[in-house]
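# Observations on the three-dimensional arrangement
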Amino acid sequence: MIGILSAGVMLLELSVSRLFAYALPYHFTAVAISLAMLGLGSGAWLRVSALKSVPSPALLSGGLTALAAFTAVFCGLLYLKIPAWLLIAGALPPTVCLGALIADRYAAAGKNGSGRAYVLDLTGACAACLAAPLLLEKPGALGTLLALAAAAALGGAWAGGFRPRRLAFSGVFLLPFAAWAAGVLPDPWTTGRAAAAKPLHEQMAREGGRILDFDWSAAGRADLYEVPAFANIRWIYNDASNSTFLVADPATLERKEFLKSLFPALPFAILQPQDALIIGPGGGLEIHLARLFGAETVDGVEINPAIVRLVKKHAAFAGPVYDRPGVRLAVAEGRRFLMENPSPRSLIMLSLVFTATAQPASLALAENFLYTKEAFDLYLSRLRPGGMLAILDDSPHRSLRQAATALAALQARGLDFQEALSRIAVIRDPAGQTGYQYLLMVVPEGPPAPLWAAARAESRRRNLAPLWLAGEPAAPPYDALAARGLREFLNSSPLELGPPSDNAPFFFDFTKGPARLAPLLPLLALGAGALGAAFAFALRGRSTPDRRRFALAALLGCAFMLVESALLQRLTLAAGTPAAILSTLLASLLFWCALGGPLGRRLSGGKDPSLGSALALAAAAAALGALALPKVYALAWVQGAGPRAAALFLLLAPLGLALGRPFPALLRAAGTDEDRAALWGVNGLASVGGASLALCASFLFGADAALWLGAVLYAGGAVISSSEKGL
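A brief look at the structure comes next. (Residues numbered from 1 in each chain as written. Predicted model: local features only at pLDDT ≥ 70, side-chain atom pairs only at ≥ 80, totals over all residues. Heavy atoms only, no water.)

### Quick word on a nonpolar patch on the surface
- Taken together, M1, I4, W158, F162 and L167 make up a surface patch of nonpolar side chains, about 510 Å² in accessible area.
- With respect to the helices, strands and loops of the structure, L167 is situated in helix 7 (residues 164-181).
- By relative accessible area, L167 is classed as partly exposed at 36%. (Patch = residues over 30% accessible without salt bridge, like charges linked within 9 Å, V, L, I, M, F, W, Y side chains within 5 Å. Areas by Shrake-Rupley, 256 points an atom, 1.4 Å probe, with all protein chains shown as cover. Salt bridge = Lys/Arg side-chain N within 4 Å of Asp/Glu carboxyl O. Helix = DSSP H or I, 4+ residues; strand = E, 2+ residues; numbered from the N terminus. Buried < 20%, exposed > 50% of the residue type's maximum accessible area, 1.4 Å probe, protein only.)

### Topic: the side chain of R462
- Within the fold, R462 resides in helix 18 (residues 449-462).
- Looking at R462, the relative accessible area reads 15%, which means it is buried.
- Side chain to side chain, R462 and E458 meet in a polar contact 2.8 Å long. (Polar contact = N/O pair within 3.5 Å; in protein donor to acceptor, adjacent residues only side chain to side chain.)

### Observations regarding the environment of F506
- With respect to the helices, strands and loops of the structure, F506 is situated in the loop between helix 20 (486-492) and helix 21 (521-539).
- F506 sits in the buried class, given a relative accessible area of 2%.
- Spatially, the C-alpha atom of F506 lies 7.2 Å from that of F699, the residues being 193 residues apart in sequence.

### Focus: the pattern of salt bridges
- All told, the structure shown has 29 salt bridges when counted by the stated rule.
- R18 is the salt-bridge partner of D239, the closest N and O atoms lying 3.0 Å from each other. Of this pair, D239 sits in the loop between strand 3 (233-238) and strand 4 (242-247) while R18 sits in helix 1 (residues 2-23); the two residues are 221 residues apart in sequence, bridging distant segments of the chain. One exposure class covers both D239 and R18, and it is buried.
- For R309, the salt bridge is made with E137, and the minimal N-O distance between the two is 3.3 Å. Taken together, the residues R309 in helix 12 (residues 305-313) and E137 in helix 5 (residues 92-137) connect sequence positions 172 residues apart.
- According to the relative accessible area criterion, R309 is partly exposed, its value standing at 29%.

### Describing helix 7
- The end-to-end C-alpha distance of helix 7, which contains 18 residues, comes to 25 Å, matching closely the 26 Å that a straight helix rising 1.5 Å per residue would cover.
- Listed as buried for helix 7 are S170, F173 and W180.
- Where the residues of helix 7 are buried, they touch helix 3 (56-77), helix 6 (140-159) and strand 1 (210-215).
- Once helix 7 ends, the next one or two residues include G183, with phi positive near 80 degrees. (Expected span 1.5 Å × (residues − 1). Contact = heavy atoms within 4.5 Å.)

### Section: the nonpolar core
- Ranked by size, the top nonpolar core spans 188 residues in total, and within it L19, F20, F74, F268, M388, M441 and Y714 carry the most contacts.
- No other element matches helix 5, which puts 16 residues into this core.
- Leaving out residues up to four positions away in the same chain, M441 has contacts with I270, M388, L389, R423, I424, A425, I427, W452 and A455.
- Core analysis: the second largest hydrophobic core is formed by 54 residues, L277, A406, A408 and L421 among them. (Core = buried A, V, L, I, M, F, W, Y, C linked by side-chain atoms within 4.5 Å.)

So this is what it looks like as C-alpha cells:
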C-alpha cells in the first residue's frame, strides 16, 4: 500500500507542477514541489497528534475518501477565476491526506519493517516517474488528477468494505474522469473561464480570439489559437507563454511573397543557405522560409511533441509542414541533437525559443540551457566556414545578453574584442508586428563583409533599424559596448548581462546584487517556516537523544533535497527531453536510493550499519559528485537515447546507493512506531527548507554549490550522530 500511496504523491506533484506552469506565472511552478513536501510533513504531524487514536483501517478508508474529495475540489478550482494564492492553497489538502496515510504505514511497519517500507516508498515514486510521461500526454495533467481522484475514491470504498453507500460515493468521482476521457468535460482554459495570467490568455482577452485545439506532453501544454482578423496565421503557444506561428500553406505566389517579407526571413535572404538547422521550429514558419529561399535540407528540432502533433493534426490549414521533401524533424532537445549530429551547417537558427518550462522536475526558475556560454561554443563549432548563427527574440535585454554571450564565445576562440565585434550584427524591426523584433547574427569563420553588405541592403529595403552592423552607425547600448569593451560594459551595466553558464543557466534573470533574491523570497519564507515547524515538531516534549534523532531527520530531508535538486539541474542536458528527465534521471535516482538501505545491510552481514557511517558515506558520495559532475554532466560522448539512459542509470548508482542508506538506519533507531511516523514527517517538512536552499544556492552560485552544501550537511550529520550512542 505504501508504494501505491507514494506513486500517488509523485503523480499529484508532477500534475500540479504542469498545471501551475500553464495557469500561473512561471515562478509559481516551484511551489508545487514545496507544497507536496509541506503537505506530506503536515499530514504526518496530524497522524501522530490529532489522528493518533484512529485505527489504521478507518484512517485508510477515510483518508482515501478525503483525498478523492480534495483532489476533485482542486480540479474544480481550475474552472474558476480565482486569485493565484487560492489555487495554490487548493493543491495542499490532497498531499496532507497522503502524508497522514504514508506516516500511518510507517508506524504500522514497525522497527523490522521500516526498511522495507522505505524501499516500497521510493519504489512507488520511481514507478510513477516512469508512468508520468505517458500520463501527462494522455489523459494530460488535469485528466491524471481526475483519474487519481477516481482511484482514491475506489480505494476508500475498498478499505471500507465496499459498502453500498461508499460505492455510490466513489461513483461521484468516476463520472468526471469518464467525462474527461470521453471528451465531454470541457477544458477549463478553452472556455475562457479559468484563472490564468499568461500571454495567451491576455491575448484572448484583448483580441477576442479562441483556442481551437490543445495537446499535453511532459514538455508542456500546446494551444492552437486563432484571431478572426488574421485568416492566414494561427498561433501555437507553449504553456500559454511563448508562441510560434502556424501559417497557412504557402501554396500561392502571394502567400510565398508575404512570408519572404517577414522579419524572420532576413537571415535566409542574407545568407541563402544550402542547409539549415532550426531549433524550436514550432509551427514551422522558419521551415517554410528555409525552403522558400532554396535550402535543400532543413532539420527541425522541436522539444515539445504536443506542438508537433498539433501541426500535423491541422495539416489541412498549414500543409505538410514537416513532411515536405528535404525536411527532417527530430523531437529532441536542441543542444543534445547538435552533440549527436556534428555535421557542419550553413545556418543554425533559434526563434523565440524559451524552453524554461520544459523542465518539470528542475528548479522551476528560468533555466535555459540553449543560451549559455557552453551552448554558444557548441553552435559556433557546428557551423561551416561562412555559416551563420541567427537568434530571433522579442526583448532588447535578452538580445543584448545573447550578443554579449556570442562575443565571449568568439573571444574564447582566440579573437580579440574588435575582431569579435566585426563578426556579429544586431538588427531591430521597428514595426514589430510579428513579435519577432530583434535579430542577432554571428559569423564565426570566413569573411563576414559580403554578408553584412547584404544585411545593409536588406535592412534598407525592409525599413529595418541596425543596432550594430558594420558600415552603419551604432545605436545604444551597442555603441557603449563597442567603446568600453565587453568586461567593462558588463560590470558597469545595472542589469546582469553576462554570459550564463550550464552551472547557473538562469538566462532570464537580469538582476544584480541583493535584488536577485526578490523572486525567491516567497519560497524562502515557505522553506524557513517549514524548517521551523520541523524543528518544533522534533524538539517538543522529547528527551535529548530523541531530539538528536529528529534533528537528524530534518537535516537528512534538507540535505537530500539539496543533492537531488542539484543533480536534476546538472544532468538535464544528459537526459535530454523532459520525458527522459522523469523516466530516466529521477526514476534512476529513486531506484538506487531504494536499494541503498537493503544493500547496505547485506554488505554489513545482515546488521544495521551505523547512522554515522551511512551519513559519512553520503557526504563523501555527494562531494565526489560535486567534483566529477562539471566534467561529465552533459555525457557529450554518449550517442543515442538508449545508451544515454544506461549511462545515466549507472552514473547515479554510487550516489543513489549512498543517499539511500542513512534514513532507513535512522528509522530503525527510533524508539517507538509513533516515532518512526513522526521522523518521516519531520523529514518531509525539512525537505521544503532543502528545496528552498537548493533554489537559493543554485540561483546565486550554481548547482555545484547546492551539491557541495548537501555534502556539508551530510558530513555535519555524521559528526552529530557519532556523538550519540546507539546511532
